[in-house]
Amino acid sequence: MLQTSRTRRATIRVITRTHRAARAVTRALAYRTRSGLIAAAVEHGRLIRTGDMLDRLGADDLKDGQRSWYGRHTAKAYRAMNLGADAVRVWAQHRTTGKWIHVHVYTPTDPALYAALDTYKATRHLAAADFAEAA
């Protein structure tokens, strides 16, 4: 049975989409393999990214650039509290672009997360609201 040009193009599109999806899965698997147990701990909530912390506090109004600066403040506070040592890093997908990036992860109760809330002016209101609820 001969294929028409229309069915041939449709078949080629399906094959192309399948190959593209396979490449994406391969890339995701490679990054997950590199991160190993750390990525599993992030999935289970034993370690969190700074963006996860902001999501828990309801900081939906912060833009990506401001979220990034909060992460920088957190990393700086962590280094100050741990004699210059960096936090653990993991490969994760960016929440808006989908690109794989290397980010620091912290325990949910890490004091650096809360210190950064207070030191970064765009998140000070979250720290004040968080501590007011606890009182």
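Just so we're clear, the structure is a prediction, and the values are computed from it rather than from any experiment. (Residues numbered from 1 in each chain as written. Predicted model: local features only at pLDDT ≥ 70, side-chain atom pairs only at ≥ 80, totals over all residues. Heavy atoms only, no water.)

> Could you give an account of the pairing of strand E2 (residues 100-105), naming the residues involved and the relevant values?
For strand E1 (residues 88-93) and E2, the ladder comprises six bridges, and the chain directions are antiparallel. Across the sheet, Val-88 pairs through a bridge with Val-105, a residue of E2. What sits between the antiparallel neighbours E1 and E2 is a turn of six residues, in which Gly-98 has the positive phi angle 80°. (Pairing = 2+ DSSP bridges. Helix = DSSP H or I, 4+ residues; strand = E, 2+ residues; numbered from the N terminus.)

> Break down the pattern of salt bridges for me, with residues and values.
All told, the structure shown has five salt bridges when counted by the stated rule. In this structure, Arg-32 engages Glu-43 in a salt bridge whose closest nitrogen and oxygen atoms are separated by 2.6 Å. With Arg-32 in helix H1 (residues 5-35) and Glu-43 in helix H2 (residues 37-44), this pair connects stretches of sequence that are 11 residues apart. One salt bridge in this structure joins Arg-95 and Asp-64, with 2.7 Å as the shortest N-O distance. Taken together, the residues Arg-95 in the loop between E1 and E2 and Asp-64 in helix H4 (residues 64-81) connect sequence positions 31 residues apart. Using a relative accessible area of 31% as the deciding quantity, one classes Asp-64 as partly exposed. (Salt bridge = Lys/Arg side-chain N within 4 Å of Asp/Glu carboxyl O. Buried < 20%, exposed > 50% of the residue type's maximum accessible area, 1.4 Å probe, protein only.)

> Quick one: what's the story with the layout of surface pockets, residue by residue and with numbers?
Its boundaries defined by the atoms lining it, the largest pocket holds a volume of some 540 Å³. If you trace the largest pocket, you find 22 residues lining it, with Thr-50, Gly-51, Ser-68, Ile-101 and Val-103 closest to the centre. Taken together, the elements giving at least two residues each to the lining of the largest pocket come down to helix H3 (50-56), H4, E1 and E2. Considering the residues around the second largest pocket, the lining is formed by Arg-32, Ala-39, Val-42, Glu-43, Arg-49, Val-90, Trp-91, Ala-92, Gln-93 and Trp-100. Of all the secondary structure elements, the ones that give two or more residues to the lining of the second largest pocket are H2 and E1. Tallying contributions element by element places E1 first for the lining of the second largest pocket, with four residues. Among the residues forming the lining of the second largest pocket, the class breakdown is six nonpolar, one polar and three charged. (1 Å grid on protein atoms, 1.4 Å probe; cavity = no way out; pocket = protein on both sides within 12 Å on 5 of 7 lines; lining within 4 Å. Points joined across faces, edges and corners; volume = space filled by probe spheres on them. Nonpolar A, V, L, I, M, F, W, Y, C, P; charged D, E, K, R; others polar.)

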